[in-house]
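Residue-level structural notes
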Amino acid sequence: MQTLTTAGPALLGLALIIAMLLVVVVVMLVRAASVRTRARKGDGGDSAMLSMALQEAVNKLKAQERQMAARAEASERLAGQIVEGLTSGMVVVDRDGAVQTVNPAARRILGLDADVGTGLVSDVLRRVPALADVIGEALRTTAPIVRRTVTLEGGARPAHLGVTVSHITGAHGEKQAVVCLFTDLTAVVELEERLRLKEALARLGELTAGLAHEFRNGLATIHGYGRLLDPDALPEPARTYVEGIRAETTALGEVVANFLRFARPEQFAMAPVDLRAIVTRAIADLPGATQVTTCEGEFATVNGDDVLLRQAFSNLVRNSLEACAGGTAVPAIVVRGAIEGSDVFVTVDDNGPGLAPAALNRLFQPFATTKAAGTGLGLAIVQKVIVSHNGVVVAGASPAGGARFQVRLPIHYAS
Ligand SMILES: Nc1ncnc2c1ncn2[C@@H]1O[C@H](COP(=O)(O)OP(=O)(O)O)[C@@H](O)[C@H]1O
Ligand SMILES: [Mg+2]
């Protein structure tokens, strides 16, 4: 019992220690487990957050992509609208000479079909080789072509184009394409030409009118003295000389008077006048013209000088009559009116021999004549009168075989 009593507390202590150790181990185990659970729980939260963040980033990227696509589409639409809506013609040609774009203005200005292809520039623009040449030149060089005036041949409308060609280059400066922009300069160039002509005619008038007056005075004196000499009272060779002097001074006097009539500044009596009435009067007043001349088509009212306009059309019909007189066919002259836009065109066609190639360049110059008794002032007067009325006169060949003269005048609209 003694032993029991001494071993008892020892055993009790041991049991206590073991119990405490057990408690400690249990506590530790419980902690470890809870730590592990927590850790596990933490793991799950992070990956959820990670996937959320990823999802968000993906959504953002998708939204950005959508925005960019919308922006690209909008800018493409805008570019398309600009190209479509440009009033200037635009042709884009790649570096191999293949046409990429022809905008509606280009088709309208150049009169190309709506389904104009995208072949080689020389094919697509075969109607306007001068323009294709300028694009070809730009493709061969690196320098841009700025505001060049290109004249289209063969009486084409438009007759003049203002052309600018610039290059499109890649990121490394390599040539990729050329952009050709052009506008119809016909009206501007014609206006410039008219102004130049008007100025030239005014200068010519100022310069020569004084001189011609001096000539006329001198000629009158010579002619007067010539008349004082009585040819019958002169010996034979002198008589012929005096007659020669008289004839030449008379002829020269007429030339000078004609020239003065042409060169002197006109006093215009401008008023709205009916062009058909003017043309009809001009034909009626010319001996022999009514029988061989037909007047047809549509005419209009122009603001002009009745007398001067009649003189201009009379000169044209007289030339046709004179030209036909030399031919073998029965003379046929057609004066045709036509209205186009805000202009009236009057075309005089004849079936005479047509314009001599040598005369073509000088037709409208004073004293240019191929006729033995011609003054060479008829067409110079026509041009002066028409230009003074802000019109244009051009000459060419008539489908009837002879010559064609075409007058264009602006229509007068009552305001
Ligand atoms: N209808 C026509 N047919 C052929 N040639 C023409 C015609 N009209 C004008 N010409 C040419 O233009 C030239 C100049 O004409 P113009 O100025 O009227 O002077 P002119 O009649 O006095 O010769 C003429 O000499 C002629 O060679
Ligand atoms: Mg004449």
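Residues numbered from 1 in each chain as written. Chains lettered and ligands numbered in written order. Predicted model: local features only at pLDDT ≥ 70, side-chain atom pairs only at ≥ 80, totals over all residues. Heavy atoms only, no water.

**Topic: the pattern of salt bridges**
Which entries qualify depends on this criterion: The rule for a salt bridge is simple: a side-chain nitrogen of Lys or Arg has to be within 4 Å of a carboxyl oxygen of Asp or Glu. The helix count covers DSSP runs of H or I at least four residues long, the strand count covers runs of E at least two residues long, and both are numbered beginning at the N terminus. Working definition: with a 1.4 Å probe on protein chains only, accessible area under 20% of the residue-type maximum means buried, over 50% means exposed, and in between means partly exposed.
With the rule as written, the count across this model stands at 11 salt bridges. Across the pair R148 and E137 runs a salt bridge whose closest N-O atoms are separated by 2.9 Å. Taken as a pair, R148 in strand β3 (residues 145-151) and E137 in helix α4 (residues 129-140) lie far apart in primary sequence, 11 residues in all. Taking the relative accessible area as the measure of exposure, R148 reaches 31% and is therefore partly exposed. Taking the relative accessible area as the measure of exposure, E137 reaches 28% and is therefore partly exposed. R281 is the salt-bridge partner of D285, the closest N and O atoms lying 3.6 Å from each other.

**Some thoughts on the nonpolar core**
The tendency in soluble globular proteins is for nonpolar side chains to be buried as a group. The criterion, for reference: By nonpolar core we mean a set of buried residues, namely Ala, Val, Leu, Ile, Met, Phe, Trp, Tyr and Cys, connected to one another through side-chain atoms within 4.5 Å. Domain limits in this description derive from either an automatic procedure or a database domain assignment. What makes two residues a contact is simply this: any of their non-hydrogen atoms within 4.5 Å.
Grouped together as the largest cluster of nonpolar side chains are 49 residues, with contacts concentrated most on F262, L275, L309, F313, L316, I386 and L409. At the level of elements, α5 (186-228), α6 (236-263), α7 (275-284), α8 (306-325), β9 (333-340), β10 (343-350), α10 (378-388) and β12 (403-410) are the ones that each hand at least two residues to this core. Considering every element that reaches this core, the biggest residue donor is α8, with 8 residues. The two domains that each donate at least three residues to this core are domain 2 (187-265) and domain 3 (267-415). Filtering out sequence-adjacent residues up to four positions away, L275 remains in contact with F299, A300, V302, L309, F313, V344, V346 and L409. If you look at the next biggest cluster of nonpolar residues, it comprises 28 residues, including V91, V163, V165 and F182.

**A word on the domain arrangement of the protein chain**
Note on interface size: it is often stated as the accessible area lost on association of the parts. Short version of the rule: By buried area we mean the combined loss of accessible area, with a 1.4 Å probe, across both parts when two parts are placed together. Under the rule applied, a polar contact is a pair of N or O atoms within 3.5 Å (in protein, one hydrogen donor and one hydrogen acceptor; residues adjacent in sequence only if both atoms are side-chain atoms).
Split into domains, the protein chain comes out as domain 1 (85-184), domain 2 (187-265) and domain 3 (267-415). Of note, the centres of domain 2 and domain 3, computed from C-alpha atoms alone, are 25 Å apart. On the domain 3 side, the residues contacting the 13 residues of domain 2 number 15 residues. Around 1,200 Å² of area is buried between domain 2 and domain 3 when both sides are counted, 66% of it from carbon and sulfur atoms. When the area that domain 2 buries against domain 3 is broken down by residue, the three leading residues are R194, K198 and F262, summing to 45%. Across the domain 2-domain 3 interface, the total number found is 1 salt bridge. As a salt-bridge pair, R408 and E190 come within 2.3 Å of each other at their nearest N and O atoms. The tally of links from domain 2 across to domain 3 stands at 2 residue pairs in polar contact (both at pLDDT 80 or more).

**With respect to the site of ligand 1**
Heads up, the rule is: Neighbouring residues are identified by heavy atoms, a residue being near a molecule or strand if any of them is within 4 Å of it. Under the grouping applied here, Gly and all other residues not named as nonpolar or charged are polar, the nonpolar ones being Ala, Val, Leu, Ile, Met, Phe, Trp, Tyr, Cys and Pro and the charged ones Asp, Glu, Lys and Arg.
Around ligand 1, a shell composed of 20 residues is seen, among which N319, T369, T370, K371 and L379 lie nearest. One of the side-chain nitrogen or oxygen atoms of K371 is found 2.7 Å away from an oxygen atom of ligand 1. Here an oxygen atom of ligand 1 and a backbone polar atom of G378 are 3.3 Å apart. Class assignment of the residues belonging to the shell around ligand 1 gives a composition of 8 nonpolar, 9 polar and 3 charged.

**Observations regarding the packing of aromatic side chains**
The criterion, for reference: Two aromatic rings from Phe, Tyr or Trp, using only the six-membered ring of Trp, form a pair when their centres are within 6.5 Å; if the ring planes differ by under 30 degrees the pair is stacked, by over 60 it is edge-to-face, and anything between is tilted.
Under the criterion given, the structure shown has 2 aromatic pairs. Look at F364 and F405: their rings are 6.4 Å apart centre to centre, the planes differ by 80°, and that puts the pair in the edge-to-face class. Taken together, the positions of F364 in the loop between α9 (357-360) and α10 and F405 in strand β12 put the pair 41 residues apart, joining distant regions of the chain.

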